[in-house]
Structure formats: C-alpha cells, structure tokens
Amino acid sequence: MPSHNSIYVICCQCSKSVLKYWAHTKGRKNLFCSVECCNAFRTRSIMQHVEAKTVRMGSCLIWIGNRDKDGYGRLETMGRLPRRVHRAVWEHHFGKIPDDLVIRHTCDNPPCCEITHLIPGTTDQNNKDCISRDRNSYGENHYKTILTNNDVLNIRSRLTQGESTRSLSMAFNVSISTIKSIRSRHTWKNI
Ligand SMILES: [Zn+2]
Ligand SMILES: [Zn+2]
C-alpha cells in the first residue's frame, strides 16, 4: 500500500508501475523496478531508444521525446551527457562524426532521425539550410509538405524531361528553392 513516504513510479525499461520510497526517487531521472531493468536500460542501444521514442511521419522518423531549444531530439542516457538524437543515430551507423562536420537533415526537419535523411556537411552548408528554411516558413507561403523519396525521384525525372521548377513547385506544393536544391542535389543527396 502506498504510504506518505512512498510513491508509484513507472519503470523506464519495462513500463511496469512499482512502489518506491520517495527518498529513493529524489533527483533521479530514470527509475526502474529492478536491478535487471536498470542494467538492461543502461546497455540499451541507441536504436532501441529510437524505436521506443519515434513515430513515422511520411518518410521521416520523428523523435517524440524531449527536444532541445533548436527542436532537435535530446537523448538522455545514463552515464552520458545529453546528445542530439540525430547525431547519435548517424554515429551508430557510420562511426564518430569528424569535428569539422555537422549532421544535416535533407528533410529540413530537426527532430527527424531517419538515417537516410541524415548527411554530414560543413557548418557553412548547415547555415545555408537554416536560411532557406526560415525563408520557407516565414515567407508568403507556408510549405509544410514533406516529400517522400518517391516524390523526389519523380521530381528529378520530370526535371530531366524539361519540366520547369515553377510547375513542379506547384505540383508538389513546395517552394521553388526546394525544387532547385533537389535538382542541384543540395538536398536529398541520398537518393
Ligand atoms: Zn522494469
Ligand atoms: Zn526526415
């Protein structure tokens, strides 16, 4: 029975509700029902965290856990400083990110951690991405459409057949600059 000095907490690993002494939970971010669950959580791979805390939206895999002030997913695992999820996902697949590179989103969607949308780039390229992103969201039109891989392939093939960037921008409800950066492979380099 709960008493004044104990509370129910949810185990971070198995989601079971367990009764804990209040004093034992103070200042702890992650709580567990057992030592086994604590150890399992500690050794959980980054991809298990991603699986547990993301939803698929179009071709993007959106982090639904905590986000930082810039909208990037924040991964808080025990014994490590918080990291940006998309960076951790990229490192899981390809190894350590070189110091002079940043991991960019081809989908312009900071909480996305879909590995095929993450490409390394220079800080300079990333700043350019941010500028075009701001222009898109604060301009006269709001382009909210998320393009799928198929859309991009489709756009590329229509471009090679001579269709104009303007007509494609209307057909896919995205900005002309989005179409241009698809053409120049500034974005969507991966496909
Ligand atoms: Zn548990
Ligand atoms: Zn994405």
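Data block above holds the structure.
Residues numbered from 1 in each chain as written. Chains lettered and ligands numbered in written order. Predicted model: local features only at pLDDT ≥ 70, side-chain atom pairs only at ≥ 80, totals over all residues.

One turn of the α-helix equals 3.6 residues, which is why residues spaced by three or four share an orientation. Among all positions in helix 8 (residues 176-183), only Thr178, Ile179 and Ile182 are buried. Burial along helix 8 is one-sided: seen end-on, the buried residues are contained in an arc of 100°. Among the structural elements, helix 6 (149-160) and helix 7 (165-172) are those in contact with the buried residues of helix 8. Phi turns positive, to about 60°, at Arg185, one or two residues after helix 8. (Buried ≥ 20, exposed ≤ 12 C-beta atoms within 10 Å, placed from the backbone. Helix = DSSP H or I, 4+ residues; strand = E, 2+ residues; numbered from the N terminus. Arc of directions from axis to C-beta. Contact = placed C-beta atoms within 7 Å.)

Moving on, we get to unusual backbone geometry. You will see that Ser15, though not glycine, has its phi angle at about 65°, which is positive. Checked against the element boundaries, Ser15 lands in the loop between strand 1 (6-10) and strand 2 (17-21).

Here helix 6 is 12 residues long and its end C-alpha atoms lie 17 Å apart, about the 16 Å a rise of 1.5 Å per residue gives. Two residues or fewer past helix 6, Gly162 is found with a positive phi of approximately 95°. (Expected span 1.5 Å × (residues − 1).)

Now for the pairing of strand 3 (residues 54-57). For a regular strand, the rule is simple: side chains alternate between the two faces of the sheet. As paired strands, strand 3 and strand 4 (residues 60-63) are joined by four bridges and run antiparallel to one another. The residue of strand 4 that forms the bridge with Val55 is Ile62. As consecutive antiparallel partners, strand 3 and strand 4 are separated by two residues, and within that stretch Gly58 has a phi angle of approximately 65°, a positive value. (Pairing = 2+ DSSP bridges.)

When you line up the elements, Thr148 lands in the loop between helix 5 (123-138) and helix 6. Among the residues examined, Thr148 registers 13 C-beta atoms within 10 Å and is labelled partly exposed. Residues contacting Thr148, with those up to four places away along its chain left out, are Gly58 and Ser59.

Counting residues in each nonpolar core, the largest one holds 14 residues, and the members touching the most others are Val85, Val89, Cys112 and Cys113. Those elements giving two or more residues to this core turn out to be strand 4 and helix 4 (85-94). In terms of residue count, helix 4 provides more of this core than any other element does, four residues in total. Here Cys113 is in contact with Val50, Thr54, Leu61, Trp63, Gly73, Val85, His86 and Val89, once residues within four sequence places are set aside. (Core = buried A, V, L, I, M, F, W, Y, C linked by C-beta atoms within 7 Å.)

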